[in-house]
Amino acid sequence: DYVEAVAWYRKAADQGDPDAQFNLGVSYAIGQGVPQDYVEAVAWYRKAADQGYATAQYNLAPMYDTGRGVPQDDAQAMTWYRKAADQGNVAAQANLGYAYATGEGVPQDYVEAHKWRNLAASRASAEDREQFAEARDALAAKMTPAQIADAQTLAREWWAAISSYTLLHAAPTYCDGGTGRNV
């Protein structure tokens, strides 16, 4: 029952739960359990996105890209795609790769485009991986070997930065046999 689900999402969302805020955004965006309302969808996506919820950041980006629920704004769309991509959202990385390749919403930059397409291809599911790799390789045909090397270096640097962040912020904490002290 979608109406009941929305009621529970709202209770949790009103308490600041980003999962519930995101789910309310989806509900409003597609009109499931509530009337479709892009303005409400944006408002709920934004609450979750402001808490660093990558999928909400990604869903917020096309709202700005297409002007659904907000005035169309390429710069805002790219800001949200970038925030999601920086957290490893593969779809956001692919969208950034496209944007940099075509110059839509950002200055055209084949090195950045290759970096993001390469990252998306390296992390995507099998079907998407092939599509993203083909897009990356088609772009590489327009680039110099030095540009490709620069893009690969940027992708490796991104991986190193995200790996360090993940290890630092997601490492488990162990206790020393029940005293409650972290070791």
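Residues numbered from 1 in each chain as written. Predicted model: local features only at pLDDT ≥ 70, side-chain atom pairs only at ≥ 80, totals over all residues. Heavy atoms only, no water.

Per the secondary structure count, the chain includes nine helices and zero strands. Ordered by position from N to C terminus, the α and β elements of the chain give α-α-α-α-α-α-α-α-α. Nonlocal contacts in the chain, meaning residues at least 24 apart in sequence, comprise 46% of its contacts between residues at least 6 apart. Counting every atom, the chain has about 10,100 Å² of accessible surface; 52% of that belongs to carbon and sulfur. (Helix = DSSP H or I, 4+ residues; strand = E, 2+ residues; numbered from the N terminus. Contact = heavy atoms within 4.5 Å. Areas by Shrake-Rupley, 256 points an atom, 1.4 Å probe, with all protein chains shown as cover.)

For the coordinates displayed, the defined rule picks out four salt bridges. Of the charged contacts, one joins Arg 46 and Asp 50 as a salt bridge, the two residues approaching to 3.1 Å between their closest N and O atoms. Residue classification places Arg 46 among the partly exposed positions, given a relative accessible area of 33%. (Salt bridge = Lys/Arg side-chain N within 4 Å of Asp/Glu carboxyl O. Buried < 20%, exposed > 50% of the residue type's maximum accessible area, 1.4 Å probe, protein only.)

On to the confidence of the model for the chain. Here the chain shows a mean pLDDT of 89. Residues at 70 or above account for 89%. The lowest-confidence element of the chain is helix α9 (residues 145-170), averaging 81 in pLDDT; the highest-confidence one is helix α3 (residues 38-49), averaging 98. For residues 167-183, every residue scores under 50 in pLDDT, and the model assigns this stretch 12 contacts once sequence neighbours within four places are set aside. (pLDDT = per-residue confidence, 0-100.)

Structurally, Ser 27 can be placed in helix α2 (residues 18-30). Exposure remark for Ser 27: the relative accessible area of 6% places this residue in the buried category. Setting aside anything within four residues of it in sequence, one finds Ser 27 in contact with Val 6, Tyr 9, Gln 32 and Val 34.

What follows covers a negative patch on the surface. Residues Glu 127, Asp 128, Glu 130 and Glu 134 make up a contiguous surface patch of negative charge. Along the chain, Glu 130 turns up in helix α8 (residues 126-140). Judged by relative accessible area, Glu 130 falls into the exposed class, the value being 51%. (Patch = residues over 30% accessible without salt bridge, like charges linked within 9 Å, V, L, I, M, F, W, Y side chains within 5 Å. Lys, Arg positive; Asp, Glu negative; His and termini not counted. Charge placed at Lys NZ, Arg CZ, Asp CG, Glu CD.)

A few words now on helix α5 (residues 74-86). Over its 13 residues, α5 extends 18 Å from the first C-alpha to the last, a length consistent with the 18 Å expected when each residue adds 1.5 Å. Taken together, the buried positions of α5 are Ala 77, Met 78, Trp 80, Tyr 81, Ala 84 and Ala 85. Down the axis, α5 shows its buried residues gathered within 165 degrees of arc, on one side only. Gly 88 sits one or two positions beyond α5 and adopts a positive phi of about 95 degrees. (Expected span 1.5 Å × (residues − 1). Arc of directions from axis to C-beta.)

So, about the nonpolar core. Counting residues in hydrophobic clusters, the biggest one holds 44 residues, and the most contacted among them are Tyr 45, Leu 60, Met 78, Tyr 81, Leu 96 and Trp 116. By size, the runner-up hydrophobic cluster in this structure holds seven residues, among which are Val 90, Ala 94, Phe 132 and Ala 133. (Core = buried A, V, L, I, M, F, W, Y, C linked by side-chain atoms within 4.5 Å.)

Next up on the list: the packing of α5 against helix α7 (residues 110-123). Two elements in contact, α5 and α7, have axes whose closest approach is 12 Å; the angle formed by their N-to-C orientations is 45 degrees. Comparing the axis directions of α5 and α7 gives the class oblique. The two elements α5 and α7 meet at a crossing, and its hand is left-handed. Side by side, α5 and α7 meet where Arg 82, Ala 85 and Asp 86 of the first sit next to Glu 112, Lys 115 and Trp 116 of the second. (Axes fitted to C-alpha atoms, helices over the stretch in contact; angles between N-to-C directions. Parallel < 35°, antiparallel > 145°, perpendicular 65-115°, else oblique. Left-handed = near helix turned anticlockwise from the far one by under 90°.)

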